[in-house]
Amino acid sequence: MGRHGARLRWVVALVSVTVAVLATIDHARQRQREHNASPEAVTVTVEAMLPQPDQVADLAAAYGWRDGSAPVGDPENQSVLLRLRWSGPGQPGTYQVILLDNRLDPPRVVPPTGGWDATGSTGFNWAGSYEPLAGRYDFLAGAVSRPESSDSLRTPDNLGAVSTRAVAEGDLVALFRMGAGAAPLTDPADLLVALCYVDPTGTPRWAKPVPVPS
């Protein structure tokens, strides 16, 4: 019995150690999954240019806009050409890129006109499901539809995001227009980018502010 009891205690101890190790591994994997699903896991760099109207098409083409579809400038509406690069875990779903005029409080969404990534033209969009972000993040407090912009069949004229796949390594070029009534912008550092991760169901999971350098 003594030898049997000692062997039984050894087996129980071995099982306990194995369970503890597996629990530690599972906890580490869970923490890694949580990290991969967080904004901290994504590294983003951004560059913004303020081209003259006659420079927009050439500059957009130089930064990757292909197939002769590069957008043109509008003398009555200042253009902002944005180039965004990121790296991190690939995820199902999309990144929605929102450009904000940080001179205002709360920052005003700068309407986009389109974008270009590795798959081609991205277009732009807005969904009502994005608007709860305004209550979660101060820098997106102005990202809500105005009553006169509530037509669900079109993008509200005071909002808009450029969509791109949430791949591990990405590069996006996007064009925005400040708006006919906006004060002239002279320093790109007055802009702020919000990178928002939206899962495959269309639910926004997080938003990450990305300062724009001068």
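Quick look at the structure, then. Keep in mind that this is a model prediction, so the values were computed, not measured. Throughout, residues of each chain are indexed from 1 in the direction in which the sequence is written. Given that the model is predicted, a residue must reach a pLDDT of at least 70 before its local features are reported, and side-chain atom pairs must reach 80 or more before they are shown or counted; all residues, however, enter totals for whole chains, interfaces and linings. Side-chain metrics rest on all non-hydrogen atoms present in the structure, leaving aside hydrogens and water.

**Some points on the overall build of the chain**
Only DSSP runs of H or I with at least four residues qualify as helices, and only runs of E with at least two residues qualify as strands; both kinds are numbered from the N terminus onward. Regarding its fold elements, the chain presents 3 helices and 10 strands. Reading the secondary structure of the chain in the N-to-C direction produces α-β-α-β-β-β-β-β-α-β-β-β-β. Exposure is judged per residue with a 1.4 Å probe applied to protein chains only, and the accessible area is read against the type maximum: over 50% gives exposed, under 20% gives buried, and values in between give partly exposed. Within the chain, buried positions represent 39% of all 214 residues. Whether two residues touch is decided by their heavy atoms; if any such pair falls within 4.5 Å, the residues are in contact. If you take every contact in the chain between residues at least 6 apart in sequence, the share linking residues at least 24 apart comes to 74%. For the chain, the exposed area adds up to about 11600 Å²; of that, 55% sits on carbon and sulfur atoms. Shrake-Rupley sampling with a 1.4 Å probe provides the accessible areas, and residues are treated as covered by the protein chains on show and by no other component.

**What about the pairing of strand β10 (residues 204–211)?**
As paired elements, strand β9 (residues 191–198) and β10 share 7 bridges and run antiparallel to each other. Among the inter-strand pairings, Cys 196 is bridged to a residue of β10, identified as Ala 207. Count of turn residues in the β9/β10 antiparallel hairpin: 5 residues, of which Gly 202 carries a positive phi of about 90°. Two strands form a pair only when DSSP identifies at least two bridges running between them.

**Things to note about the environment of Asp 138**
Take Asp 138: it is sitting in the loop between α3 (133–136) and β7 (162–165). By relative accessible area, Asp 138 is classed as exposed at 71%. What Asp 138 contacts, discounting residues up to four positions off in sequence, is Pro 106 and Pro 107.

**Description of the environment of Leu 99**
With respect to the secondary-structure elements, Leu 99 resides in strand β3 (residues 94–101). Taking the C-alpha atoms as reference points, Leu 99 and Leu 195, separated by 96 residues in sequence, lie 8.9 Å from one another. Setting aside anything within four residues of it in sequence, one finds Leu 99 in contact with Val 80, Leu 82, Arg 108, Val 109, Val 110, Phe 176, Leu 191, Leu 192 and Val 193.

**Some details on the pattern of salt bridges**
Should a side-chain nitrogen of Lys or Arg be within 4 Å of a carboxyl oxygen of Asp or Glu, the pair is scored as a salt bridge. Throughout the structure, instances matching the rule amount to 5 salt bridges. Arg 83 is the partner of Asp 171 in a salt bridge, and the nearest nitrogen-oxygen pair spans 3.3 Å. Separated by 88 residues along the polypeptide, Asp 171 in strand β8 (residues 169–177) and Arg 83 in strand β2 (residues 79–87) bring together distant segments of the chain. Among the residues examined, Asp 171 registers a relative accessible area of 28% and is labelled partly exposed. The closest approach of N and O atoms between Asp 199 and Arg 205, which form a salt bridge, is 2.8 Å. When its relative accessible area of 9% is taken as the criterion, Asp 199 is described as buried. Here the salt bridges do not stand alone but share partners, grouping Arg 83, Arg 85 and Asp 171 into one network.

**Description of the packing of aromatic side chains**
Centre distance within 6.5 Å is the pairing criterion for rings of Phe, Tyr and Trp, where only the six-membered ring of Trp is used; planes under 30 degrees apart are then read as stacked, over 60 as edge-to-face, and the remainder as tilted. Per the counting criterion, the structure on display carries 7 aromatic pairs. With a centroid separation of 6.5 Å and 40° between ring planes, the pair formed by Trp 65 and Trp 116 is classed as tilted. Of this pair, Trp 65 sits in the loop between α2 (56–62) and β2 while Trp 116 sits in strand β5 (residues 112–117); the two residues are 51 residues apart in sequence, bridging distant segments of the chain. You'll find Trp 65 and Trp 116 in the same group, each marked buried. Ring geometry for Tyr 137 versus Phe 139: centroids 5.4 Å apart, planes at 45°, classification tilted. Neither Tyr 137 nor Phe 139 differs from the other in exposure class; each is buried. Members of the aromatic cluster, connected to one another through ring pairs, are Trp 86, Tyr 95, Tyr 197 and Trp 206.

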